[in-house]
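# Coordinates in review
Residue-level listing of the chains:
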Amino acid sequence: MTDMALKIENLKAEVEGKEILKGIDLTINSGEIHALMGPNGAGKSTLGEVLIGHPNYKITGGKILINGRDMTNATPEERARAGLFLAFQNPISISGVKISTFLRMAYNNLYPDEKMPLKEFFNMVKTVMKDVDMDESFISRSINDGFSGGERKRFEVLQMVILKPKIVILDEIDSGLDVDALKLVSAEIKKMHDQKVGFLIITHYQRILKDIIPEFVHVLKDGRIVMNGDNKVSDRIEDEGYDWIKE
Amino acid sequence: MEDYNKDEEIEKLTESLKHNKKSDFEFHDTINPVYSTGTGLNRKTVEEISDIKHEPDWMRRSRLKALDIFLSKPMPTWGPDLSGINFDELTYYSKPGETKAKNWDDVPDKIKETFNKLGIPQMEQKYLAGSVAQYDSEGVYGSLRKEWEDKGVIFTDLDTAVQEHPDLVKDYYCRAIPPSDNKFAALNGAVWSGGSFLYVPKNVTIDMPLQTYFRMNGEQSGQFEHTIVVADEGAKVHYIEGCLPEDELISQGDKFVPINELLTDDSVVSNTGNQRKITRKYVHPYSGLMYKITPLSPGNAFRATSEHPVLSIKKEDVTSRIRDGHYEISTKKLMEAIPEYRRMDELSEGDFIVYVSPVETEDDASIDDDMLKILGLYTAEGSISFNKSLNLYQMSFSFSFAEKEEKIAYELYNIIKAKGEQANIFKADKKYYTVSTYSKTLIDFCLNNAGKYADKKAFSEKIMKLPPEKQKLLIDYYLKGDGNVYIKKGKSKMIRAGTASKVLALQLQEMLSRNNTFASIMIRKASDDVILGRNIKRKEQYIVEYTENMKFSRVRHKDNYYYVPIKKMEAEVYDDIVYNMEVETDDSYLVKGFAVHNCTAPKYNTSSLHTAIVEIYARKNSDVKYTSVQNWSDSVYNLPVKRAWVDENAHMDWVTGELGSKVTMIYPSSYLRGRGASTSNLQITLATKDTFKDAGGKALHLAPDTTSRIVSKSISLDNGLTAYRGLVRMNEGAKRAKSHVQCDALLINSDSKNYTYPYDEIYEPTAEFSHEATVGKIGTDELTYLRSRGLSEDEASSMIVLGFMDDIMKEIPMEFAVEMNRLVKLEMSKMGAVG
């Protein structure tokens, strides 16, 4: 797989006139695992959503570069097609839209030249469903419709595996998952990491970081990255919380 | 095949969707009515209508009484603005022809043409137990299958019923909906004309739907049909108002020929072989069976969804002498048979499908015989290369060293020379003759009209339109290069030509078909092969094969149709996106005569009025389903009054789809009069720009153990306005009555609006009543979620809308669901940005 980098330069964004991101610099290369930590309200989820181009946020400064290409103003689908993927913290439900149709359409959009036969595609989906412990029957259900918190998270992971992104942002992927499910999810992340996928793991607690050791840890506070370090930082946050980190 | 570029595809799709096809069926016929009451409404108009219909006195009196009520009632002001209706300017009655036909052939040509455009005769033959067609005020055609007639079923237009079954009509006419009910019921009572009368006797079950078609043609006219459906005790019937859109023929690109290139990414090559442009293309999810038809000519195999109509002839209909379980196709019967559209899943092996040979030609005098000979040989044997040292393009033709080919090589050389162009001929390796030329004129001509690479060679549109004689010459020379000839017994000659280009094979087939020959296309998998002493590593080959002077053929030829038997039918479960398309050129000759659309009124700037009455009497233990889908043009005020009396243990199903019109007010009602009576009322409404759809339903529980369910889904686009207005009344004594109302509204744009006016009058303490209502927007979050997985904005929003309708779509007839899907996507894509 080709190397890819997500580069964020002095990124500023606001929602309804309120500035949430106040100048973020961050670079994630293929095969790297970054953890983004920070107290509630620091702007962690905002960063994830701004990166995939959620129209609720207005970018007021800075740049988002994917493989050197300026994608600051690109649409969400353009970013997805460039290889970016966000596993949402609270995946929304869309009634009546069948998972099978949705996945197929998404895949065909991302890989228009592949023309994978239908059967093969659904066999692949079913295999991944097993890996993330989702029952096959989910394939004909509507997107997140009536799903439990854990099921929603597993469906995010399922999409991540099937859509083969190059840079993945996981927003609180561990919340709502029990220990066994978390293990399955971590295994999938490791598999993708082996294939040089770059990760930004957004987490409030350190739960998932026990299985997935990040090489880089960034602490976000009030819209700014106030500390960059390695897993020693996350270990200390585990013990002491965020108070020791000065802005 | 070109690499399939999704972005481009979607872009094209969106672009092409902007060209709304609607204008195609908003045609306006020039029919001069034989009689019209002129504009305006007064006592004289009503008397005139009654006179011309030679009505009995009771009906005449009833009309006049209704007129008085109409004039005395004020316009309702509680709903949509109706000030656009000018009662003085409307024409209340116009009669298109003198007599009503029972046989389709007797319908006046102009009107027949109109209904043909809507696909009615074909539909009737196929799907319906009977039908009545109405044009402006009068029924123009009525029919009922004999088997139902024999059982005592009456199905005719109401005018005829008044004459022929006066007592029966009198029993039911205006009982459920008396003129005093409301202003528009009174208007209908005064000026009604046409509409259907259906009576189903005790315990008769009609298992095919009965249908009425309407078309409003006169400008500023009103259509005031009055329909009465009576299901006697224990009877069962499904009545459809509107027309089944055989529209799939259009929307899925199904004119016969391009039906073949239906669906899915890999089958986009037009089987006509022409470089026909795809003028419309869109995507929708499909789950169900996908069929593959392989005709005698395997290269023409195609896939289509199970409900997809295919022009065909059933073998049973053209068989004679069944002996020892064997049947034999009677050529005579086959020649007499008229191909019909049948669902894909009704076809089986041995049935005939129709290969259509294009009839239009357009000669190009600049392409003379010599040019055609050169082009034929080029297509078979030619190649173009760049000579670097000379900085020139060179076209060369290689012929193997056989006596016959030597002759051709020299012929070609001489032709080029005679044209005054440069040419060389030489023998190489003692094996090949090579003829070459640097002539720019000839190179350009060949490149433009036949393409460059062997597996992509295809003739240009210009060539495909040449007269058949010219094409024959082209083929003759093509075959001199690529063909094999096998002389069979006697005079019959079998001719084969192989090509790596599928398009070319189909084009050759098409050209041969215009020369009275049906060629089969065989597929040979990629392999090593030896052809005339040459070792050739072959890609997949398409072998065009036919026999000249054949005594007997399994393919029969009639005019420009070839009836080709089906060799194999296969079906597989399919759950995926299907791609629908329309092909430019084919529209012109294959659409003709086939259903184009739902009952769409012609487009006018001034308003028309549709005020129908539908009275349904579901007697004890009966079961009635009434489906209506309207797609009136957006100048029509659609104000029908629909009501059912539901007796003991009877069931009434209303299914309503409101797509068109400027203003609609529709509230199908069920009066649950007997113990255990039940009703279900499903409704879907769509309000596009500048339209107001006020819809809902009423359920009146007048007896114990009655149940009702009302489900209403509405979609507002642009500044469209939808309203739910419903009444559930549970009288004291309606013990254990149950009712559930669900109304969901979806607002697509910030200007879209929805209002909900539920009226609940519950007087019975043991009754259960629940009401759920939701108003949703296509939220940014939902859109962003889908888009973040790669879907375009258009794809994402139509997916959400279709998802919203999903649960009700399952309950409406497939054909309507498809139409609804199509309209929604069309409207969505016209909107551009959503949000």
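Since the structure is predicted, the reported quantities are computational estimates derived from the model, not experimental observations.

All right, on to the overall build of chain B then. Within chain B, the regular secondary structure consists of 22 helices and 44 strands. Looking at chain B as a whole, 51% of its 835 residues are labelled buried. Long-range pairs, those at least 24 residues apart, make up 80% of the contacts in chain B between residues at least 6 apart in sequence.

As a further point, take unusual backbone geometry. Positive phi, normally seen in glycine, also occurs at A:Asn10, with a value near 45°. Structurally, A:Asn10 is set in strand 1 (residues 5–15). For A:Asn10, a count of 12 C-beta atoms within 10 Å puts it in the exposed group. In this structure, B:Asp690 takes a positive phi of about 60° despite not being glycine. Note that B:Asp690 resides in the loop between strand 38 (678–687) and strand 39 (692–701). Note on B:Asp690: 11 C-beta atoms within 10 Å, which makes it exposed.

Residue and element names in this part refer to chain B. In contact at an axis separation of 10 Å, helix 2 (residues 43–52) and helix 3 (residues 57–72) are set at 155° when each is read in the N-to-C sense. Regarding the angle of helix 2 to helix 3, the classification is roughly antiparallel. In terms of crossing hand, the pair formed by helix 2 and helix 3 is right-handed. From helix 2, Arg43, Val46 and Ser50 reach across to helix 3, where they touch Met59, Arg60, Arg63, Leu64 and Leu67. Each residue belonging to the contact of helix 2 with helix 3 can be placed in one class, and the counts come to four nonpolar, one polar and three charged.

Tallying the contact residues gives 31 residues for chain A and 29 residues for chain B. For the side of chain A that touches chain B, the elements supplying multiple residues, two or more each, are helix 2 (76–82), strand 7 (94–98), helix 3 (99–110) and helix 5 (149–163) of chain A. Sorting elements by how many residues they give to the side of chain A that touches chain B places helix 3 of chain A first, with eight residues. For the side of chain A that touches chain B, the residue count by class is 15 nonpolar, 11 polar and five charged.

Strand pairing within a sheet occurs via backbone hydrogen bonds; the two strands may be parallel or antiparallel. All names here are of chain A. Taken together, the four strands give an open sheet; going across it, the order is 2-1-4-5, and neighbouring strands pair in antiparallel fashion. A single partner strand is all that each edge strand has here, and the edge strands are strand 2 (18–29) and strand 5 (69–70). Taken together, the nine bridges between strand 1 and strand 2 define a ladder with antiparallel strand orientation. Pairing of leucine 6 across the sheet is with isoleucine 28, part of strand 2. The strands touched by helix 1 (residues 44–51) are strand 1, strand 2 and strand 4 (58–66); relative to strand 2, the strand with the most contacts, the crossing angle is about 70°.

Quick look at the environment of B:Gln394 now. Residues and elements named next belong to chain B. Tracing the sequence through the fold places glutamine 394 in strand 19 (residues 392–400). Sequence-wise, glutamine 394 and serine 436 are 42 residues apart; in three dimensions their C-alpha atoms are separated by 6.8 Å. What glutamine 394 contacts, discounting residues up to four positions off in sequence, is Ser385, Asn387, Ser436 and Tyr438.

Residue and element names in this part refer to chain B. Taken across its 10 residues, strand 41 (residues 721–730) has nine buried, putting it largely inside the fold. Sheet analysis places strand 39 next to strand 41, joined by 10 bridges and oriented parallel. Residue pairing in the sheet places lysine 693 in a bridge with threonine 722 of strand 41.

Turning our eyes to something else, we now look at the sheet that holds strand 12 (residues 224–229) of chain A. Residue and element names in this part refer to chain A. Within the open sheet, the six strands sit side by side as 6-9-10-3-11-12. Their pairing is mixed. Sheet topology places strand 6 (84–87) and strand 12 at the edges, where each strand pairs with a single neighbour. Taking each pair of neighbouring strands and ignoring which way they run, the sheet shows an average axis angle of 20°. As judged from the five bridges shared by strand 11 (residues 216–221) and strand 12, these two strands associate in the antiparallel manner.

Turning to the environment of B:Asp718, a few remarks are in order. Within the secondary structure, B:Asp718 is located in the loop between strand 40 (707–716) and strand 41. Put simply, B:Asp718 and B:Ser752 are 34 residues apart on the chain and 5.5 Å apart in space, counted from C-alpha to C-alpha.

Here we come to the environment of B:His226. Residue and element names in this part refer to chain B. Mapped onto the elements, histidine 226 comes out in strand 9 (residues 226–231). Between the C-alpha atom of histidine 226 and that of leucine 158, which follows or precedes it by 68 residues, the distance is 7.1 Å. Apart from residues no more than four positions distant in its own chain, histidine 226 is found in contact with Leu158, Asn188, Trp192, Gly195, Ala612 and Ile613.

Residues and elements named next belong to chain B. Within helix 15 (residues 440–450), burial applies to Leu442, Cys446, Asn449 and Ala450. Looking straight down helix 15, one finds that the buried residues subtend no more than 85° of arc, so they occupy a single side. Residues of helix 15 that are exposed and point more than 90 degrees away from the buried face comprise Thr441, Asp444 and Asn448. Where helix 15 terminates, the next one or two residues include glycine 451, which has phi positive at roughly 80°.

Moving on, we come to the nonpolar core. The nonpolar side chains of a soluble globular protein tend to be buried, and buried together. One finds A:Ile201, B:Val191, B:Leu198 and B:Ala618 to be the most contacted residues of the largest nonpolar core, which totals 182 residues. At nine residues, helix 21 (residues 793–809) of chain B tops the list of elements feeding residues into this core. Ignoring any residue separated from it by four or fewer positions in sequence, one finds B:Val191 in contact with B:Leu41, B:Val46, B:Ile49, B:Tyr92, B:Tyr93 and B:Phe224. B:Met371, B:Phe399, B:Ile463 and B:Ile475 belong to the second-largest nonpolar core, a separate cluster that totals 62 residues.

What follows deals with the confidence of the model for chain B. Close inspection of predicted coordinates is inappropriate for parts of the model with low pLDDT. Residue and element names in this part refer to chain B. Counting all residues, the mean pLDDT for chain B is 75, and 69% of those residues have values of 70 or more. The weakest mean pLDDT in chain B belongs to helix 10 (residues 248–251) at 23; the strongest belongs to strand 37 (residues 669–672) at 97. Under a pLDDT of 50 for its full length, residues 97–101 has, in the predicted model, 13 contacts with residues more than four places off or in other chains. Segment residues 117–129 is flagged for pLDDT under 50; beyond a separation of four residues in sequence, or across chains, it makes 45 contacts in the model.

Cut-offs used in this document
- Residues numbered from 1 in each chain as written.
- Chains lettered and ligands numbered in written order.
- Predicted model: local features only at pLDDT ≥ 70, side-chain atom pairs only at ≥ 80, totals over all residues.
- Helix = DSSP H or I, 4+ residues; strand = E, 2+ residues; numbered from the N terminus.
- Buried ≥ 20, exposed ≤ 12 C-beta atoms within 10 Å, placed from the backbone.
- Contact = placed C-beta atoms within 7 Å.
- Axes fitted to C-alpha atoms, helices over the stretch in contact; angles between N-to-C directions.
- Parallel < 35°, antiparallel > 145°, perpendicular 65-115°, else oblique.
- Left-handed = near helix turned anticlockwise from the far one by under 90°.
- Nonpolar A, V, L, I, M, F, W, Y, C, P; charged D, E, K, R; others polar.
- Pairing = 2+ DSSP bridges.
- Arc of directions from axis to C-beta.
- Core = buried A, V, L, I, M, F, W, Y, C linked by C-beta atoms within 7 Å.
- pLDDT = per-residue confidence, 0-100.

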